[in-house]
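# Residue-level structural notes
What follows is the residue order along each chain.
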Amino acid sequence: MGLVKHDDGWRLPDELWAKMEPLLPPRPPHPLGCHNPRTPDRRAMEAIVLVLRTGMQWRALNATGICGASSAYRRFREWLEAGVFLEFWRQGLQAYEALAGIDWEWLAMDGAMGKAPLGGEKTGPNPTDRAKKGTKKSLLTDGRGAPLGLAVAGANVPDFKLMRPTLQSMPVERPTPSAHAPQGMCLDKGYDYDPVRALARQYGFTLHLRQRGEPDKPLKRGKKARRWVVERTHGWINKFRRLLVRWEKREDTYLAFLHLALGLITWFHHLLPP
């Protein structure tokens, strides 16, 4: 299931709006006790999602007829401060846990760099793009690719240094691993450092880590590739054009868009019927 396109823009499916609407805070009182009719919350959310999906500028919303740019951005900031987007992601994971069960047995983590032409908080020189400003997203997924954790930093920050903040960002409680219910952590060679091994021991993970200099080997018969799911989820994130190239200078607004995208990914790919 995805967004439904109408002649005048993108509309949220009724099933998804039913999950979002209860999370919205009450309308704040007007300082003068009166005000013009307020844009319906659903239209404002659809405008925000349109910006996220297409990467369009806020002011371009004025030509869509969905919601005015100033109203959409004001509502975006209001809901960001109320924690709506993070809560939408968290409740999606809770519903996923209740329906299918989070696959804690095989976790995967990886970082992905992107351009950040305007710079801003949590950006830095990209070592693979002639030191132009860039950002990095460190993502943790379960065995099916559901997003469980996210941290952002400058593009020059090594992946392994983001492992702890990514684990600490999980909006749902992680069960304690045991001999009967181990938790594997699949990582690429960029995490081949002693602090990663120490952190894996601290969290009780069974580490599956490629070592630097180790040649790639074909999978043994009966073995299953595990780390590809986090790369696929990074690909899903990049389909939201506002996140493919980062235009937000502020960390909080960038994270709000990311949390909304992760919530949509959780609901679309793991919960709502196609």
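The structure contained in this document is the topic of the report that follows. Values in this document were obtained by computation on a predicted structure and should not be read as measured data. (Residues numbered from 1 in each chain as written. Predicted model: local features only at pLDDT ≥ 70, side-chain atom pairs only at ≥ 80, totals over all residues. Heavy atoms only, no water.)

### Observations concerning the side chain of arginine 77
- Tracing the chain through its elements places arginine 77 in helix H3 (residues 69-81).
- Given the relative accessible area of 16%, arginine 77 is considered buried.
- The contacts of arginine 77, once residues within four sequence positions are left out, are Arg250, Asp252 and Thr253. (Helix = DSSP H or I, 4+ residues; strand = E, 2+ residues; numbered from the N terminus. Buried < 20%, exposed > 50% of the residue type's maximum accessible area, 1.4 Å probe, protein only. Contact = heavy atoms within 4.5 Å.)

### With respect to the pairing of strand E6 (residues 147-154)
- Among the 8 residues of E6, 8 are classified as buried, and the element is accordingly described as predominantly covered.
- With 7 bridges connecting them, strand E5 (residues 133-141) and E6 associate as antiparallel partners. Considered in E6, the bridge of serine 138 is made with alanine 151.
- In sequence, E5 turns back onto E6 through a hairpin of 5 residues, with glycine 145 there showing a positive phi of about 95°. (Pairing = 2+ DSSP bridges.)

### Topic: helix H7 (residues 228-238)
- For H7, the complete set of buried residues consists of Val229, Val230, Thr233, His234, Trp236 and Ile237. Viewed along the axis of H7, the buried residues span an arc of 155°, placing them on a single side of the element. (Arc of directions from axis to C-beta.)

### A closer look at the packing of aromatic side chains
- Per the stated rule, a full pass over the model turns up 9 aromatic pairs.
- Measuring from centroid to centroid gives 5.3 Å for tryptophan 58 and tyrosine 73, while their planes differ by 75°, and the two rings are edge-to-face. Here tryptophan 58, found in the loop between helix H2 (41-54) and H3, pairs with tyrosine 73, found in helix H3; they are 15 residues apart in sequence, far enough to count as distant.
- The buried category is assigned to tryptophan 58, whose relative accessible area is 13%.
- Its relative accessible area of 34% is what places tyrosine 73 among the partly exposed residues.
- Each residue in the set Trp58, Tyr73, Phe76, Phe85 and Phe257 is aromatic and connected to the rest through ring pairs, giving one cluster.
- In this structure, arginine 246 packs its charged tip against the face of tyrosine 254, placed 4.3 Å from the ring centre. (Phe/Tyr/Trp six-rings, centres within 6.5 Å; stacked < 30°, edge-to-face > 60°. Lys NZ or Arg CZ within 6 Å of the ring centre and 35° of its normal.)

### Quick look at unusual backbone geometry
- One non-glycine residue with positive phi stands out, namely lysine 122, at about 55°.
- Relative to the helices and strands, lysine 122 resides in the loop between strand E3 (106-115) and strand E4 (124-125).
- One non-glycine residue, alanine 131, adopts positive backbone phi at about 60°.
- With respect to the helices and strands, alanine 131 occurs in the loop between E4 and E5.

### Here's the deal with the packing of H2 against H3
- Direction vectors running N to C along H2 and H3 enclose 95°, while the axes themselves pass 9 Å from each other. Taken as axis vectors, H2 and H3 run roughly perpendicular relative to one another. Across from Asp41, Ala44, Met45, Ala47 and Ile48 in H2, the residues of H3 making contact are Ala72, Arg75, Phe76 and Trp79.
- Taken together, the residues of the contact of H2 with H3 sort by class into 7 nonpolar, no polar and 2 charged. (Axes fitted to C-alpha atoms, helices over the stretch in contact; angles between N-to-C directions. Parallel < 35°, antiparallel > 145°, perpendicular 65-115°, else oblique. Nonpolar A, V, L, I, M, F, W, Y, C, P; charged D, E, K, R; others polar.)

Shape descriptors only; they carry no functional weight alone.
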